[in-house]
Amino acid sequence: MARGRRGKGKNQAKRFLLAVIALVLAAVYPVQEQLTKETGGTAVSDGSTLEVHYLDIGQGDCTLIRQGDHAMLIDAGNNSKGTTVQAYLENQGIDHLDYVIGTHPDADHIGGLDVIIYKFDCDEVWMPDYSKDTRTYDDVIQAVKAKDYQITHPKAGDEYALGEARVTVVCPVKDSYGSNANDYSIGVRVQFGENSFLFTGDAEEHSEEDMTASGENLNADVYKAAHHGSRTANTEDFLKAVDPQYVVFSCGEGNTYGHPHAEVLNRLREMGIQIFRTDDQGTIVAVSDGQTIVFNASPSDNWTPGEPKGK
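Right, let's walk through the structure included here.

What counts and how
Residues numbered from 1 in each chain as written. Predicted model: local features only at pLDDT ≥ 70, side-chain atom pairs only at ≥ 80, totals over all residues. Heavy atoms only, no water. Helix = DSSP H or I, 4+ residues; strand = E, 2+ residues; numbered from the N terminus. Buried < 20%, exposed > 50% of the residue type's maximum accessible area, 1.4 Å probe, protein only. Contact = heavy atoms within 4.5 Å. Areas by Shrake-Rupley, 256 points an atom, 1.4 Å probe, with all protein chains shown as cover. Core = buried A, V, L, I, M, F, W, Y, C linked by side-chain atoms within 4.5 Å. Pairing = 2+ DSSP bridges. Axes fitted to C-alpha atoms, helices over the stretch in contact; angles between N-to-C directions.

Right, let's get into the overall build of the protein. From N to C terminus, the protein includes nine helices and 15 strands. Here the protein holds 311 residues, and the buried ones make up 55% of them. Here the analysis covers contacts within the protein between residues at least 6 apart in sequence; of these, 65% occur between residues at least 24 apart. Of the roughly 13500 Å² of accessible surface on the protein, a fraction of 45% belongs to carbon and sulfur atoms.

Next up, the structure:
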């Protein structure tokens with residue numbers, strides 16, 4: 001009986017701690033403020049949790065993942081967002097990144113990476129084995145050369161450690177997807193205790209089919225919608241393989257693409273999946289203790305598709 005009481009007390013303490021974290025998150029990361037106004041951004045964890053920050057950087061992608069003293073940055077938004085992401089990391093007290101991932105060479109993903117590579121010590125820089133003849137891509141390459149770094153081209157199935165978290169590369173599965181830059185996107189699944197998070201960049205239907213057929217574990221509690229919620233990704237079969245409880249959309253308010261698309265939103269709603277949206281909720285922060293995930297905001301009740309500017 002005494003053992004049972006101690007277990008019950010421990011569970012109650014854990015639930016209380018998670019409730020406190022949720023309150024702190026809501027205070028530190030007010031969901032309606034612009035990223036540049038979020039000045040209280042010191043880590044809320046004590047090193048025993050995993051934090052996932054889906055940054056509100058407009059139409060683009062940028063995600064910070066940290067576990068204890070270890071941190072990974074996935075993309076850094078458009079060219080104009082480099083210093084904004086830099087400021088966010090500095091407000092988090094980060095001066096070193098274990099991994100910096102440029103999922104694929106589109107400007108809304110790697111535009112700010114040159115600033116990050118110049119300003120922070122980076123253990124590894126990951127990019128797909130696919131290039132673009134653009135000034136944005138060249139800026140990143142020149143930053144890598146200036147810091148005397150080597151670019152890593154990870155392969156599906158490769159595993160890495162991020163503190164106590166395990167990172168598994170899930171895509172690209174194939175070496176060639178023709179001229180479709182999106183399908184070369186590097187995707188990772190992050191496992192921390194019993195909780196998992198999935199990121200697939202802008203990977204579209206062909207890449208999703210390959211991931212599903214690969215037999216790799218894609219199941220995740222939280223899935224960042226591919227390609228900002230585009231209908232060219234987030235297929236029904238892929239979503240069934242991931243089976244998320246939550247989906248986070250990273251997109252800009254009034255973006256010209258109409259992200260997230262109605263087809264994807266309807267699919268998620270029919271599947272009973274809860275959503276978060278950076279376009280109207282701001283930066284979304286999730287904290288896991290390995291069993292439970294808390295967010296700095298309640299799931300969105302906005303199921304309205306993105307409305308392109310000018311319409």
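There is more to say after this.
Now for the environment of Gly102. Along the polypeptide, Gly102 turns up in the loop between strand 4 (96-101) and helix 3 (107-110). Overall, the relative accessible area of 0% leaves Gly102 in the buried class. Through-space distance from the C-alpha of Gly102 to that of Gly201 is 9.0 Å; in sequence the pair is 99 residues apart. With near-sequence residues (within four places) excluded, Gly102 lies in contact with Asp75, Ile110, Leu113, Trp126, Met127, Pro128 and Ile186.

This paragraph deals with the nonpolar core. In terms of nonpolar packing, the biggest core is built from 30 residues, with Leu64, Leu73, Val85, Leu89, Leu97 and Ile116 touching the most fellow members. Of all the elements in the fold, those that place two or more residues in this core are strand 3 (70-74), helix 2 (82-91), strand 4, helix 4 (113-119), strand 5 (121-126), helix 5 (135-146) and strand 14 (284-288). Top element by residues in this core is helix 5. It accounts for five residues. When sequence neighbours within four positions are dropped, the list of residues in contact with Leu97 reads Ala71, Leu73, Leu89, Ile116, Phe120, Asp121, Cys122 and Asp123. Core analysis: the second largest hydrophobic core is formed by 28 residues, Val167, Ile186, Tyr246 and Ile293 among them.

With that settled, the discussion passes to helix 2. Turning to helix 2, its buried residues number three or more, namely Gly82, Thr84, Val85, Gln86, Tyr88 and Leu89. Along its buried surface, helix 2 packs onto strand 1 (50-54), strand 2 (63-67), strand 3, strand 4, helix 4 and strand 14. Of the residues trailing helix 2, Gly93 is marked for its positive phi of about 80°.

Our next topic: the sheet that holds strand 2. The eight strands lie next to each other as 6-5-4-3-2-1-14-15, forming an open sheet whose pairing is mixed. Two strands lie at the open edges of the sheet, namely strand 6 (151-152) and strand 15 (293-295), each paired on one side alone. Pairing geometry for strand 5 and strand 6, over two bridges, is parallel. Pairing of Val125 across the sheet is with Ile151, part of strand 6.

If you trace the backbone, Leu268 turns up in helix 8 (residues 262-270). Residues Leu268 and Glu236, 32 residues apart in the sequence, show an inter-C-alpha distance of 8.9 Å. With near-sequence residues (within four places) excluded, Leu268 lies in contact with Leu239, Val247, Phe249, Ile273, Ile275 and Trp303.

Below, the discussion takes up the sheet that holds strand 7 (residues 159-162). Spatially, the seven strands line up as an open sheet ordered 7-8-9-10-11-12-13, and their pairing is mixed. On the outer flanks of this sheet lie strand 7 and strand 13 (274-277), each paired with one strand and no other. Going across the sheet, the axis of each strand differs from the next one's by a mean of 20°, ignoring polarity. One ladder, built from four bridges, connects strand 12 (residues 246-249) with strand 13; its direction is parallel. Among the inter-strand pairings, Val247 is bridged to a residue of strand 13, identified as Ile275. Helix 8 contacts strand 12 and strand 13 of the sheet and is inclined by roughly 160° relative to strand 12.

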